[in-house]
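# Examination of the molecular architecture
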Amino acid sequence: MSIPYEYYVALSGLLMVLGLVGVTVRKNIIAVLLSTELMLNAVNIAFVAFDMKLHDVAGQVFVFFILTIAAAEAAIGLGLVMAIYRLRKDVDVEKLTELKL
Amino acid sequence: MEYLWVIPFSPLIAFIIISLFGYKLLKEPLSGIVAVIGVAISAVFSVYGFYQVSQTGDYYDLKLFTWMPLGDYNISVSILWDPLSALMTCVVTVVSTFIFIFATGYMKGDPSYPRFFAYLSLFVFMMLMLTLADNLVQLFFGWEGVGLASYLLIGFWHYKKSASVAALEAFIVNRVGDWLFLLGVLLAFITFGTLDYLDIFNKIPEVGFWTITAIALLLFGGAVGKSAQIPLHIWLPNAMEGPTPVSALIHAATMVAAGVYMVARIMPVFASSEIALDTVLYIGTMSAFIAATMGLVQNDIKRIIAYSTLSQLGYMFAAEGLGLFKDGMFHLASHAVFKALLFLAAGSVLVAIHHILDVQKMGQLRKYMPITAATFLVGALALAGIPPFSGFFSKDPIIEAAYEINWVVWVLLWSGAGLTAFYIFRLYFLAFENGDRLDPHIKSHVHESPPNMTIPLIVLATGAIVLGFFREFFMNFLRPSLDPSQMKFLSEETKIVVEEGLTRAHHVHIVEDAWHFLVHSLTSPLGLLILFTALGGIFMAFLMYQLRVIDPVWMANTFRPIYLLFYNRWYFDHIYYAIFAYGYYKLSKFMWKAGDRFLIDGIVNGSGKVSMSFGDILRLTQTGRISAYLAQMVVGILVFLSLFLFLS
């Protein structure tokens, strides 16, 4: 009838790993940003799944907050990407190594 | 007896006044006068106290104030006034007064004139703290204080390298003795639980033989250093680098006698240990003889007298080791007078001939300085032990008593007496008589010293003549302090112990009355032998250095090995240099290489190197690439999560 919550958790874990791999592997900053969105949503799925299992609304409330913040974060992130692009005509993560002396 | 507190504090006040206002306000004559007044006041008070105590024979223990509480025991600053400390205090203050007066003339024109008198006053204060102490801590305070004053005064002309080196040597050699002394004080405190002499004396019967022996030997170690006995004697001849009044006051009359005084002061402790008394006896005898042989061939006028000081201090210790504490103290008093006299006369000579120390370059000084020559002759006769001068009445009884107790000691002391007579008259003939060897340029300036130098000489010479006749008075005077049967502060049990320790001298009967002693020693074979030994020494010196019948150079060549042994002072300085100076240098070099270069530098540099190489490894992780940081972060999170998961 209903899908057991383990499936959701497994999906959430899968998405998380995908996101992590994306963040580490991709060179384009925009792709890295997308991957972080993926990880946020993995967390959202986990929240909803446990919420369903424990019959508690708090998880869903969190999900709304996370969605809102993710939207804001995406806006700021894209703004930063624009700024970086204007500065360097390039958005390759491998070449952003100013933090290292 | 409350007025006694003036005695130590009047020189202290003089010291404070001179050191505060000396250079700006008092300047040259006044600061000397302030010092003389300071010490003269304490001399007057101590003579008055001496008179009072000679009437009653009592003892007074005044606690002035508590210095520091130490558990159940309070260390106090106090005055123990009994015949022994009264005698020593009088010797110190009276001799000091005359030496201070002499010094006002001797130091004339010195740019550091006020500093000199400040130091001298400080010395007298410290010395009085030492003599008046009623406990070992105050004694030690004075003991160190006189060491400090001695250091400052030996190095008074600090721009002379030899003087500053000699000052350091005196200080360091004394430190060896003081270290033993301090150990002795600590052991005494652990054993007795108190450091007041009178309480210690009454607890002696409860303590084991070996503990008492250890305490006595450790304390005697301090006396060996302070009184410059063999093997810690090397500093005293070099201490003659200081101004001559300092040599007279500190290194002849008073400070070096502190060891003798200390042994007499805690006589019951020494008397209850056979081993301790024997050590005192043999160290004293050895010093008396060896120092006399060293004095034979020296050419420095002050060093010759310094060696005679060593030798005479040896006689005092020998007397104490023989159990004749009263004779030892009497010799101390008479020695203080005639030795101060000899030094001051030498100082008067040095001022006249512009500080040439070599006796081979003097001669016929008697013509130019009759008073100095006459007073020096009196001092020399007293030192040689010729009747009726004071040295005869104080030194001969020791030698005669040694004959009846221990023949080895007697032989050494007896031959030492002959040597003493020889070297002091060698000095007299070379300096004041004999040929004319003075530099003609200097000779035109030589003249007798001013009255403030000659009057102390005359007073001390009078003392050296008459003091011996008061032998009986001094013996009776010291009895309440040094004769166990009459010591009021000893308990009955302690008296028995002390009497037992002093049995070695019980069969000795030296006539105490001066006249009878004089008659006795001029009639008995032993007395005549000693007298003729001294006269023989003088006659030898007369033949060799006045008539030149026997050529000293020929003598030196004939007995070359002995001459070299004496001239090089039995190689003590060389051996000490080889062992301590050179050994310390070698040790320092080894420590520098092994400890400093290898160990310390190794640790410091090594920790630096380890940090550097760790840093080199760790910096590999800082790539600058965001993805790498992220990967590290993920690994970190995973590690902590799994720890959290599996360990909780």
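Here goes a summary of the coordinates provided. Quantities reported herein were computed from a predicted structural model and do not represent experimental measurements. (Residues numbered from 1 in each chain as written. Chains lettered and ligands numbered in written order. Predicted model: local features only at pLDDT ≥ 70, side-chain atom pairs only at ≥ 80, totals over all residues.)

## Let's talk about the overall build of chain B
Helix and strand counts for chain B come out as 28 helices and two strands. Reported as C-alpha extents along the three principal axes, the dimensions of chain B are approximately 115 × 70 × 55 Å. Per-residue burial for chain B yields a buried fraction of 52% across its 648 residues. Put simply, of all contacts in chain B between residues at least 6 apart along the chain, 80% involve residues at least 24 apart. (Helix = DSSP H or I, 4+ residues; strand = E, 2+ residues; numbered from the N terminus. Buried ≥ 20, exposed ≤ 12 C-beta atoms within 10 Å, placed from the backbone. Contact = placed C-beta atoms within 7 Å.)

## Thoughts on the packing of helix α7 (residues 209–226) of chain B against helix α12 (residues 274–295) of chain B
Residue and element names in this part refer to chain B. For the pair α7 and α12, interaxial distance at closest approach is 9 Å and the crossing angle is 20°. Classified by the angle their axes make, α7 and α12 are roughly parallel. Considering how the two elements wind past one another, α7 and α12 form a crossing that is right-handed. Facing Thr213, Ala216, Leu217, Phe220 and Val224 of α7, the residues of α12 in contact are Ile275, Ala276, Thr279, Val280 and Ile283. Within the contact of α7 with α12, the residues separate by chemical class into eight nonpolar, two polar and no charged. (Axes fitted to C-alpha atoms, helices over the stretch in contact; angles between N-to-C directions. Parallel < 35°, antiparallel > 145°, perpendicular 65-115°, else oblique. Left-handed = near helix turned anticlockwise from the far one by under 90°. Nonpolar A, V, L, I, M, F, W, Y, C, P; charged D, E, K, R; others polar.)

## Section: the interface of chain B and chain A
Facing nine residues of chain B, the contacting portion of chain A comprises nine residues. Considered class by class, the residues forming the side of chain B that touches chain A number four nonpolar, four polar and one charged.

## Some words on the nonpolar core
If you look at the biggest cluster of nonpolar residues, it comprises 223 residues, and the most contacted ones within it are Phe123, Ala318, Ala340, Leu341 and Leu413 of chain B. The residues touching Leu341 of chain B, leaving out its near neighbours within four places in the chain, are Thr375, Val378, Gly379, Leu457, Leu460, Ala461 and Ala464 of chain B. (Core = buried A, V, L, I, M, F, W, Y, C linked by C-beta atoms within 7 Å.)

## Focus on the packing of helix α14 (residues 325–352) of chain B against helix α21 (residues 471–482) of chain B
Residue and element names in this part refer to chain B. Relative orientation of the contacting elements α14 and α21 amounts to 125°, with a least axis distance of 9 Å. One way to sum up the angle between α14 and α21 is to call them oblique. By crossing handedness, the relation of α14 to α21 is classed as right-handed. In this structure, α14 uses Phe325, Lys326, Met329, Phe330 and Ala333 to contact α21, whose residues at the interface are Arg471, Phe474, Met475, Leu478 and Leu482. When the residues that make up the contact of α14 with α21 are grouped by side-chain class, the tally is eight nonpolar, no polar and two charged.

## Notes on α12 of chain B
Taking 1.5 Å of rise per residue, 22 residues should cover 32 Å, and α12 of chain B covers 32 Å from first to last C-alpha, within 8% of that figure. Counting buried positions along α12 of chain B gives 17 out of 22 residues, so the element sits mostly inside the fold. (Expected span 1.5 Å × (residues − 1).)

## Focus: the environment of Ile386 of chain B
All names here are of chain B. Along the polypeptide, Ile386 turns up in the loop between α16 (370–384) and α17 (390–405). Sequence separation of Ile386 and Glu28 is 358 residues, and the distance between their C-alpha atoms is 41 Å. Beyond its immediate stretch of four places on either side in the chain, Ile386 contacts Leu381, Phe392 and Ala534.

Limitation: the analysis is restricted to geometry and does not speak to function.
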